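So you can see what is in the structure, the chains are spelled out below.
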Amino acid sequence: NAGVTQTPKFQVLKTGQSMTLQCAQDMNHNSMYWYRQDPGMGLRLIYYSASEGTTDKGEVPNGYNVSRLNKREFSLRLESAAPSQTSVYFCASSDHPEAFFGQGTRLTVV
Amino acid sequence: AQSVSQHNHHVILSEAASLELGCNYSYGGTVNLFWYVQYPGQHLQLLLKYFSGDPLVKGIKGFEAEFIKSKFSFNLRKPSVQWSDTAEYFCAVKPGFQKLVFGTGTRLLVSP
């Protein structure tokens with residue numbers, strides 16, 4: 001049972017480049033989340049998906065888009081990366097109320 | 001909007017000292033409460049959770065937390081910490097079927 005799988009684990013981007021962070025879960029959960037973790041700020045919610053086909057903005061959605069094409073997968077896209085998006089990104093899934101987390105993606109934008 | 005406050009940002013303890021990390025939340029209705037731990041370089045792992053029933057919850061590795069509804073608090077405790085408890089600890093709240101909201105975290109350093 002893999003749980004929540006995120007790819008890639010590490011990524012370095014140049015300012016203005018785009019990329020998509022992938023997240024997949026095999027627990028048949030309805031809810032999925034994308035968080036970013038920055039020192040001293042805890043985990044801040046970027047986007048949330050309560051079920052397949054639905055997405056909602058979280059606390060810090062600017063500069064990001066998401067896609068929940070099926071129940072398993074929830075991707076996060078940076079259209080034009082900025083240095084302020086340097087962070088560790090975590091995907092999580094939940095079927096009320098407990099959430100399970102992926103291993104994280106460490107993204108550096110130079 | 002609901003919020004979660006962790007008042008201690010950094011805590012330094014010696015081994016065998018007792019630990020209490022504070023967590024307060026602002027939501028007034030039914031809540032589900034969690035403590036997650038993140039060891040250096042790793043992802044978040046669930047330490048313990050409260051859904052209903054006994055307000056004193058026992059988790060893994062000797063941790064426990066007490067839900068005090070009147071104080072909107074869910075403090076984490078451990079009677080005697082070990083060097084291996086060095087980590088960052090996050091309190092999280094899920095009001096009803098709403099989104100999971102995290103506190104800003106507490107970095108615990110346990111010196112041998």
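This text follows the structure it describes.
Residues numbered from 1 in each chain as written. Chains lettered and ligands numbered in written order. Predicted model: local features only at pLDDT ≥ 70, side-chain atom pairs only at ≥ 80, totals over all residues. Heavy atoms only, no water.

### Brief notes about the interface of chain B and chain A
Rules: Should any heavy atoms of two residues lie within 4.5 Å, those residues are counted as being in contact. Here, a salt bridge means any side-chain nitrogen of Lys or Arg that lies within 4 Å of a carboxyl oxygen of Asp or Glu. Polar contacts, as counted here, are pairs of nitrogen or oxygen atoms within 3.5 Å of one another; within protein the pair requires one atom able to donate a hydrogen and one able to accept it, and residues that are adjacent in sequence qualify only if both atoms are side-chain atoms.
Chain B puts 21 residues into the contact, and the matching count from chain A is 20 residues. Here chain B is connected to chain A by one salt bridge. With a shortest N-O distance of 2.6 Å, Glu98 of chain A and Lys49 of chain B are connected by a salt bridge. Remark: the boundary between chain B and chain A carries seven residue pairs in polar contact (both at pLDDT 80 or more).

### Re the side chain of Gln37 of chain A
The cut-off we apply is this: Strands are runs of DSSP state E lasting at least two residues, helices are runs of H or I lasting at least four, and both sets are numbered from the N terminus onward. Remark: exposure states derive from per-residue accessible area (1.4 Å probe, protein chains only) relative to the maximum for the residue type, with buried under 20%, exposed over 50%, and partly exposed in between.
Checked against the element boundaries, Gln37 of chain A lands in strand β4 (residues 31–38). Here Gln37 of chain A falls in the buried class, since its relative accessible area comes to 11%. Reaching out from Gln37 of chain A, the side chain makes a polar contact with the side chain of Gln38 of chain B at a distance of 2.7 Å. Sequence-distant contacts of Gln37 of chain A, that is, excluding residues within four places in its chain, are made with Gly42, Leu43, Ser87, Val88 and Phe90 of chain A together with Gln38, Glu88 and Phe90 of chain B.

### Concerning the packing of aromatic side chains
Two aromatic rings are characterised by how far apart their centres lie and by the angle between their planes. Spelled out, the test is: Any two of the Phe, Tyr and Trp rings considered here, Trp counted by its six-membered ring, make a pair once their centres fall within 6.5 Å; the pair's planes then place it as stacked at under 30 degrees, edge-to-face at over 60, or tilted in between.
For the structure shown, the criterion picks out 14 aromatic pairs over all chains. Relative to Phe101 of chain A, the ring of Tyr35 of chain A has its centre 6.0 Å away and its plane inclined at 40°; by these criteria the two rings are tilted. Of the two residues, Tyr35 of chain A is situated in strand β4 and Phe101 of chain A in strand β10 (residues 99–101); the sequence distance between them amounts to 66 residues. Summarising the aromatic geometry, the rings of Tyr64 of chain A and Tyr89 of chain A are spaced 5.9 Å apart at their centres and angled 65° between planes, so their arrangement reads as edge-to-face. Pair noted here: Tyr64 of chain A is in strand β7 (residues 64–67) and Tyr89 of chain A is in strand β9 (residues 87–94), with a separation of 25 residues, a long-range link. A single burial state applies to Tyr64 of chain A and to Tyr89 of chain A, both of which are buried. Following the ring pairs from residue to residue traces out a cluster consisting of Tyr33, Tyr35, Tyr48 and Phe101 of chain A together with Phe34, Tyr36, Phe51, Phe90 and Phe102 of chain B.

### Notes on the sheet that holds β7 of chain A
All names here are of chain A. Heads up, the condition is: For two strands to be treated as a pair, DSSP must find no fewer than two bridges joining them. Note on geometry: axes are C-alpha line fits, over the in-contact stretch for helices, and angles between N-to-C directions span 0 to 180 degrees.
In spatial order, the strands read β1-β3-β8-β7; together these four strands make up an open sheet with antiparallel pairing. In the strand order of this sheet, the two ends are held by β1 (4–7) and β7, each with one partner. With direction set aside, neighbouring strand axes in the sheet form an average angle of 20°. Pairing of β7 with strand β8 (residues 75–78) involves four bridges; the strand directions are antiparallel. Directly across from Val66, in β8, lies its bridge partner Leu76.

Keep in mind these values describe shape, not function.
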